[in-house]
Amino acid sequence: MVLRLRIAVEGIVQGVGFRPFIFRLAAHHGIVGWVRNSGAGVVMEAEGDAGALAAFRSAIVSDAPPLAVIARIAIEEIAPQGDGSFVIGESGEGAGTVRVAPDGDVCPDCLRELFDPSDRRYRYPFINCTNCGPRYSLVTAVPYDRPNTTMARFPLCDACRSEYEDPMDRRFHAQPVACPDCGPTLRLVDASGAGLPGDPVDRTVELLAEGKIVAIKGLGGYHLAVDAANDAAVAELRRRKHRDEKPFAVMARDLEAVARFALVDSVEARLLAGPEHPIVLLRKRPGPILSGRVAPANGYIGTMLPYTPLHHLLLEERFAALVMTSGNLSDEPIAYRDDEAVERLSAIADAFLVHDREIRTRIDDSVIRVFRGSPLFLRRSRGYVPREVRLPVEIPPVLAVGAELKGALCLTRGDRAFPSQHIGDLKNDTTLASLAATAEHLQALLEIRPQVVAHDLHPDYLSTGYAEGIAGLPRVAVQHHHAHLASCMADNGLDGSVIGVIFDGTGLGTDGTVWGGEFLVGGYDGYRRAAHVRQVPLPGGDAAVREPYRMALAYLHDAFGADLFEQPVPWLTRVGAEERSLFLRMLERRINSPLTSSCGRLFDAVAAMVGLRSRISYEGQAAIELEGQAEECATGRAYPFALLSRQGAVEVDYRLMVRALMEDLAAKVSLPEMARAFHNTVAASVVDVCRKVRSETGLDRIVLSGGVFQNRLLCEESCRLLEAEGFRVVTHRLVPPNDGGVALGQAVIAGVAHRVPRSDKGE
């Protein structure tokens, strides 16, 4: 029996070889009809016998091209028309409204050609096809065609054009397609921009082997590279970049090379080798393969595999791994324009490996760690943007601009949200300009015209100022921790009300104090602060973030009052009489010491108390090192704590814990045991508070969000204990729990607040 189906496919299905895939699939199954791009994705009409059509329909999903992401398929049976063949038709109107694909790695077919001496693209650093290569980083406008990419300046040679126009070729309509005769070229230049002699790749390998620092242009910006096994070279990179201790990421040739210096499970291996090729945090393997300076005082190492042909050429045979850290100065976005890179990085890099394929959009590497067998984003960027997040509600178009740290924005359309790439900490005009450029570019690519702007409640954030400068649109100021709650809900497709456990470093509360250890009850349309960590002063304000010993003093003062300097914390003896008097006045009179409930600052305080870290050189350092110590001990012991009732909310009081910790210090209990007992205590307090809130509200769904829940040990222990109590616990899946996911929550809260009620007729 002959049938004809009209099939509409939505998602990332343009610019990824989807139409030629359908063409070849139809030929394989004896199907006639046509396929073309549409305003929502790809639409086709397929005619054939029932069995062949069933197999054809199934293969559309099961055998889709590597870079395709199918969001929705609609199938309608229509009357047969008796076509004589299957053809690829012209794009329909509005084809530019679909999603642009993220950047991809090098597919196996291109990789094989790259190292095949008989292939015309042998060792060509820009080899790609419809199944791989750059997309988002080079598209300049929609629709996604070659003239609307940075490849427009490279006319196709006859050989490439033949491939580009052949539906049976895997380079059919591959917009970045090129070869040595018609495509981009490499150059190696010194720090002044003058060209260096020799083959650029071979000479770069030689420089790296000599211990030199080379700035290498990638898909979305520059990396600073050194031989990761060369201790002196890594030390010099740290000196020049003024990055004393923050871990560097490394890139290794393949999984076999990674396994020599890191432990890799099956999930981590799948993430490393997937088309996105993110940085994955892996537990270090004991041994001297890489320099200890790559990730000092850290049990994990951020690792990625080569994701461009150039990376494969550089790592072909010489190095155990290369440090590949973002090419930027402190607090600035990654450099991505050639002149800018040479100017900004000339004091760091000895040479620059550049090319003439322009990067339209800067985009940093994504960072993931595996949590309970699933990926958890720490930074969502290259390989994943601009993929959508499906929302549980339909809302009007919103632009949400995020907070201050780990800046990222979010756009929405209907029941879809589109988080941007990682932009950086919004602490200067350069990063703010990057945020503004990203907002403008994404709105154009996605053809979204926002009707509402959402931003953080904090009036002094640069992102808030940017939102206030957008004329003609209503603005919604969203409390920081409410945004975290909504972000995790939206990330998991939840609606209604939940208990939100939101632990992070800083967020302005509605009472004017600094929040960060919050238990919220609510959903997108509002929340109640049901509980929080007991507030203590933040001595010196922002200085306490950089100097955890200040938070230790605050917690010790809260527990012991003026006797805080009598406690068995070794470094307290080095605090002079004048400083002691100064700190006591600050704490007792709240001089330059705003109140905070921050759980992130609690971790800092404990790290300082146990002598692990009094000052930090990068965000989260004290907590990361405390977690590392805790992972070395398996004790189930926890310290005592109390739950107090304060003004209609529960207060989590850790003074008993601080006193017990001082007893452990006096008894010389090991650092790992104290660190683990502290983690156990925080997890136990989460359960006790949630149990109390459930008894009052009947809610049993819990979302965990905020940067503190990047801590694998705390998150896993909290989940385990909560689930044992019958709670349904969800954590982040598609956006980070840190402030990189805040914009998603802001967007949904603002969108729900501005929804237009529909009548029963849907008008």
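Here's what I pulled together on the structure shown here. (Residues numbered from 1 in each chain as written. Predicted model: local features only at pLDDT ≥ 70, side-chain atom pairs only at ≥ 80, totals over all residues. Heavy atoms only, no water.)

## Digging into the environment of Leu-656
Phase 1 of the analysis: Mapped onto the fold, Leu-656 is located in helix α19 (residues 655–666).
Phase 2 of the analysis: For Leu-656, a relative accessible area of 37% translates into the label partly exposed.
Phase 3 of the analysis: A C-alpha to C-alpha distance of 5.6 Å links Leu-656 and Pro-640, two positions 16 residues apart in sequence. (Helix = DSSP H or I, 4+ residues; strand = E, 2+ residues; numbered from the N terminus. Buried < 20%, exposed > 50% of the residue type's maximum accessible area, 1.4 Å probe, protein only.)

## Looking at the pattern of salt bridges
Phase 1 of the analysis: Throughout the structure, instances matching the rule amount to 53 salt bridges.
Phase 2 of the analysis: Among the salt bridges present, the one from Arg-121 reaches Glu-163, with a minimum N-O distance of 2.7 Å. Residue Arg-121 is located in the loop between α3 (108–114) and α4 (158–164), and its partner Glu-163 is located in helix α4; the two are separated by 42 residues in the primary sequence.
Phase 3 of the analysis: Taking the relative accessible area as the measure of exposure, Arg-121 reaches 2% and is therefore buried.
Phase 4 of the analysis: Overall, Glu-163 belongs to the buried group, its relative accessible area being 13%.
Phase 5 of the analysis: In this structure, Arg-646 engages Glu-651 in a salt bridge whose closest nitrogen and oxygen atoms are separated by 3.9 Å.
Phase 6 of the analysis: Classification of Glu-651 by relative accessible area gives buried; the value is 7%.
Phase 7 of the analysis: It is possible to trace a salt-bridge network through shared partners that takes in Glu-113, Arg-120, Arg-121, Glu-163, Arg-170 and Arg-171. (Salt bridge = Lys/Arg side-chain N within 4 Å of Asp/Glu carboxyl O.)

## So, helix α16 (residues 577–589)
Phase 1 of the analysis: For α16, spanning 13 residues, the distance from its first C-alpha to its last is 18 Å, which sits close to the expected 18 Å at 1.5 Å a residue.
Phase 2 of the analysis: The set of residues buried in α16 consists of Phe-583, Leu-584, Met-586 and Leu-587. Here the buried residues of α16 occupy an arc of 160° about the axis, which is enough to place them on one side. Exposed side of α16, more than 90 degrees from the buried face: Ala-577, Glu-578 and Arg-589 are the residues found there. (Expected span 1.5 Å × (residues − 1). Arc of directions from axis to C-beta.)

## Thoughts on the sheet that holds strand β18 (residues 398–400)
Phase 1 of the analysis: The mixed open sheet is built from five strands, whose spatial order is β17-β19-β18-β20-β21. Edge strands, defined here as strands with exactly one partner in the open sheet, are β17 (389–395) and β21 (475–478). Shown here is a sheet whose adjacent strand axes are inclined to one another by a mean of 30°, direction ignored.
Phase 2 of the analysis: Bridge count between β18 and strand β19 (residues 410–419): two bridges; the pairing is antiparallel. From the neighbouring strand, Leu-399 faces β19, where its bridge partner is Leu-411.
Phase 3 of the analysis: Sheet contacts for helix α13 (residues 480–491): β17, β20 (452–456) and β21; angle to β17, the most-contacted strand, approximately 110°.
Phase 4 of the analysis: Sheet strands in contact with helix α22 (residues 742–753) are β17, β18, β19, β20 and β21, and its direction is about 20° off that of β17. (Pairing = 2+ DSSP bridges. Axes fitted to C-alpha atoms, helices over the stretch in contact; angles between N-to-C directions. Contact = heavy atoms within 4.5 Å.)

## A closer look at the sheet that holds strand β5 (residues 86–88)
Phase 1 of the analysis: Taken together, five strands build an open sheet; the order of strands is β4-β1-β3-β2-β5 and the sheet is mixed. Edge positions in the sheet fall to β4 (69–78) and β5, since each of these pairs with one other strand and no more. Direction aside, the axes of adjacent strands within the sheet are offset by 15° on average.
Phase 2 of the analysis: Across nine bridges, strand β1 (residues 2–12) lies against strand β3 (residues 41–49) in antiparallel orientation. Within β3, the residue paired with Leu-3 across the bridge is Gly-48.
Phase 3 of the analysis: Helix-sheet contacts for helix α2 (residues 50–62) involve β1, β3 and β4, and the interaxial angle to β3 is about 155°.

## Things to note about the packing of aromatic side chains
Phase 1 of the analysis: This model, assessed by the stated rule, comprises nine aromatic pairs.
Phase 2 of the analysis: The interplanar angle of 85° and the centroid separation of 5.6 Å between the aromatic rings of Phe-503 and Phe-519 together place this pair among those described as edge-to-face. A residue pair is termed long-range when its members are at least 10 positions apart, and Phe-503 in strand β22 (residues 498–508) and Phe-519 in strand β23 (residues 514–523) qualify at 16 residues. The pair formed by Phe-503 and Phe-519 is uniform in burial state, with each residue classed as buried.
Phase 3 of the analysis: Joined through ring pairs, the aromatic side chains of Phe-503, Phe-519 and Phe-709 make up one cluster.
Phase 4 of the analysis: Over the aromatic face of Trp-515 sits the side chain of Arg-529, whose NZ or CZ is 3.9 Å from the ring centroid. (Phe/Tyr/Trp six-rings, centres within 6.5 Å; stacked < 30°, edge-to-face > 60°. Lys NZ or Arg CZ within 6 Å of the ring centre and 35° of its normal.)

## Thoughts on unusual backbone geometry
Phase 1 of the analysis: Note that the residue after Val-385, namely Pro-386, is joined by a cis bond; omega there is 15°.
Phase 2 of the analysis: Position of Pro-386 among the secondary structure elements: in the loop between β16 (374–379) and β17.
Phase 3 of the analysis: Its identity as a non-glycine residue notwithstanding, Arg-123 has a phi of 60°, on the positive side.
Phase 4 of the analysis: Within the fold, Arg-123 resides in the loop between α3 and α4.
Phase 5 of the analysis: Despite not being glycine, Gln-647 has its phi angle at roughly 50°, a positive value.

## What to know about a nonpolar patch on the surface
Phase 1 of the analysis: Residues Val-61, Ile-73 and Ile-75 make up a contiguous nonpolar surface patch of about 230 Å² in total accessible area.
Phase 2 of the analysis: Examined against the element boundaries, Ile-75 turns out to sit in strand β4.
Phase 3 of the analysis: Take Ile-75: its relative accessible area is 39%, and that puts it in the partly exposed class. (Patch = residues over 30% accessible without salt bridge, like charges linked within 9 Å, V, L, I, M, F, W, Y side chains within 5 Å. Areas by Shrake-Rupley, 256 points an atom, 1.4 Å probe, with all protein chains shown as cover.)

## Remarks on the packing of helix α18 (residues 621–630) against helix α20 (residues 671–697)
Phase 1 of the analysis: Packing of α18 against α20 leaves a shortest axis separation of 7 Å and a crossing angle of 105°. Classified by the interaxial angle, the pair formed by α18 and α20 is roughly perpendicular. Contacts from Leu-626, Glu-627, Gln-629 and Ala-630 in α18 reach Leu-671, Pro-672, Ala-675, Arg-676, Phe-678 and His-679 in α20. (Parallel < 35°, antiparallel > 145°, perpendicular 65-115°, else oblique.)

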